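# Survey of secondary and tertiary structure
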Amino acid sequence: METAQHRQPVAPGAFAAFARFVLCGGGVGLASSFAVAALASRIPWALANAVITVASTLLATELHARFTFAAGGRATWRQHAQSAGSAAAAYVVTCAAMSVLHLLTAAPGTVLEQVVYLSASALAGVARFAMLRLVVFARERSRATATARTPLPLPATLPTAVPAPVARATAPAGPAALCPAA
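Residues numbered from 1 in each chain as written. Predicted model: local features only at pLDDT ≥ 70, side-chain atom pairs only at ≥ 80, totals over all residues. Heavy atoms only, no water.

### A short note on the side chain of histidine 80
Along the chain, histidine 80 falls in helix α3 (residues 77-104). A residue is classified by how much of its surface remains accessible, and histidine 80, at 12% relative accessible area, is buried. Once you skip the residues sitting within four places of it in the chain, histidine 80 turns out to touch Leu58, Thr61, Glu62 and Ala75. (Helix = DSSP H or I, 4+ residues; strand = E, 2+ residues; numbered from the N terminus. Buried < 20%, exposed > 50% of the residue type's maximum accessible area, 1.4 Å probe, protein only. Contact = heavy atoms within 4.5 Å.)

Printed below as a string of structure tokens:
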């Protein structure tokens, strides 16, 4: 009988995974938005966004590996690297949204900046969810599924309906005999 600590976690369905993604990723994203605003008061906004994006991506990838997609433990370096790629795309989207805001409004207030930033983050987050579910954490699910579906081993002795091959005392075949085209 298998113990609870040796069982592979069951991958949640798409709806449950998305709800967990919103909870984990959204929570980290919301905290990040306040951290970006606080850090941007001391350094340029793009640099503050980059620093917070790196930190929040590391944290969110760990949370997604453990809870959102039930990958069975900590995120691997490969998953962190792939997640970083999708975070880089999200960074570009949020920077572009903020640049457009600053082009359209000379001095936007903090609330308007937060609305634009969080809206751009939400849009990028939906794309990130698809990327993480279908690419980054899909391999771990497919490996776990393949392991769970391995056929039972065959018995050591099988009934033989086919007679055993007879050994021949002929010389080994040359290349022309093995491949008529040679």
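Read on, since the account is not over.
### Digging into the nonpolar core
One broad rule of soluble globular proteins: the nonpolar side chains tend to lie buried together. Listed in full, the 9 residues of the largest apolar core are Ala17, Phe21, Ala65, Phe69, Ala75, Phe129, Leu132, Val136 and Phe137. Of all the secondary structure elements, the ones that give two or more residues to this core are α1 (14-40) and α4 (110-136). Sort the elements by how many residues they give to this core and α4 lands first, with 3 residues. The contacts of alanine 75, once residues within four sequence positions are left out, are Thr61, Glu62, Ala65 and His80. By size, the runner-up hydrophobic cluster in this structure holds 6 residues, among which are Val36, Ile52, Met98 and Tyr117. (Core = buried A, V, L, I, M, F, W, Y, C linked by side-chain atoms within 4.5 Å.)

### As for the environment of alanine 46
With respect to the element layout, alanine 46 can be found in helix α2 (residues 45-68). Linking alanine 46 and valine 36, residues 10 residues apart in sequence, is a C-alpha distance of 9.2 Å.

### Let's talk about the pattern of salt bridges
The tally for this structure, following the rule as stated, stands at 2 salt bridges. The shortest N-O distance in the salt bridge between arginine 66 and glutamate 62 comes to 3.5 Å. Highlighted residues: arginine 66 and glutamate 62, both in helix α2, separated by 4 residues, approximately one helical turn. Note on arginine 66: relative accessible area 44%, which makes it partly exposed. Take glutamate 62: its relative accessible area is 13%, and that puts it in the buried class. The shortest N-O distance in the salt bridge between arginine 74 and glutamate 62 comes to 3.6 Å. With arginine 74 in the loop between α2 and α3 and glutamate 62 in helix α2, this pair connects stretches of sequence that are 12 residues apart. Several salt bridges converge on common partners, so that one network encompasses Glu62, Arg66 and Arg74. (Salt bridge = Lys/Arg side-chain N within 4 Å of Asp/Glu carboxyl O.)

### A look at α4
Taking 1.5 Å per residue as the helical rise, α4 with its 27 residues ought to reach 39 Å, whereas the 34 Å between its terminal C-alpha atoms falls clearly short. Those residues of α4 that sit buried are Gln114, Val116, Tyr117, Ala120, Ala124, Gly125, Arg128, Phe129, Leu132, Arg133 and Val136. (Expected span 1.5 Å × (residues − 1).)

### Describing the packing of aromatic side chains
Counted by the stated rule, this structure contains 4 aromatic pairs. Pairing tryptophan 45 with tyrosine 117 gives two aromatic rings, centres 6.1 Å apart and planes at 80°, and the pair type is edge-to-face. Placement of the pair is tryptophan 45 in helix α2 and tyrosine 117 in helix α4, with a sequence separation of 72 residues. You can call tryptophan 45 partly exposed: its relative accessible area is 23%. Site record: aromatic cluster; members linked through ring pairs are Phe18, Phe21 and Phe129. (Phe/Tyr/Trp six-rings, centres within 6.5 Å; stacked < 30°, edge-to-face > 60°.)

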